[in-house]
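Structural features, examined
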Amino acid sequence: MLPQGVMFLALPQLGTILLGFLAPHRIAGWCGSPRKLPWCPGPKALLLVWTVIYFVVGYASYLVWKDLGGGFRRPLALPLGLYAVQLATSWVILILFFATHTPGLALLHLLLLYGLVVSMALIWHPVNKLAALLLLPYLAWLTVTASITYRLWRHSLCPQPPPPPAGEERD
């Protein structure tokens, strides 16, 4: 792998590094409430999966870059431009989800990100089939993340009323 390949693997990790600087103390509290989803992974598992996904997508972007001749010429503008937009969108989602705890906004951005990744797969497929296939685990993870985010957003809109004090009945 060329030195540029290492750059393509490292660049996506900037989002998780940025998140660690912005909200190291807020990450641990997510998915730990009494109404926690039984299938919601812990915050460390979420960040680990995002890190692995970022490595896989970074490698896929390297394959596309290499197959289109490297450098930063015109044929790379659409495939790598779309990659840059989806990468920035995914970083925003991490900040919205973990740092600001705004699942509604994160969900909207997730839907946008899903469309961007599908578009990337369609554009990358003629260039490098492996790169397009490497986006499938990303799409699967976005589906899981969207379902977790949707449930958290729904619970934030309709919080459960607190239990009545002992000895009192509920209306």
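Parameters and conventions
Residues numbered from 1 in each chain as written. Predicted model: local features only at pLDDT ≥ 70, side-chain atom pairs only at ≥ 80, totals over all residues. Heavy atoms only, no water. Helix = DSSP H or I, 4+ residues; strand = E, 2+ residues; numbered from the N terminus. Buried < 20%, exposed > 50% of the residue type's maximum accessible area, 1.4 Å probe, protein only. Contact = heavy atoms within 4.5 Å. Areas by Shrake-Rupley, 256 points an atom, 1.4 Å probe, with all protein chains shown as cover. Patch = residues over 30% accessible without salt bridge, like charges linked within 9 Å, V, L, I, M, F, W, Y side chains within 5 Å. Salt bridge = Lys/Arg side-chain N within 4 Å of Asp/Glu carboxyl O.

The next thing to look at is the overall build of the protein chain. Within the protein chain, the secondary structure is distributed over seven helices and zero strands. For the protein chain, the sequential pattern of α-helices and β-strands runs α-α-α-α-α-α-α. Counting every position in the protein chain, which comprises 171 residues, the buried fraction comes to 40%. Long-range pairs, those at least 24 residues apart, make up 76% of the contacts in the protein chain between residues at least 6 apart in sequence. By element, 72% of the accessible surface of the protein chain is carried by carbon and sulfur atoms, the whole surface being about 9,500 Å².

Moving on, we come to a nonpolar patch on the surface. Together, Leu-11, Leu-14, Ile-17 and Phe-21 make up an exposed nonpolar region whose accessible area comes to about 430 Å². Tracing the backbone through its elements, the reader meets Ile-17 in helix H2 (residues 14–22).

That is the geometry; function is a separate question.
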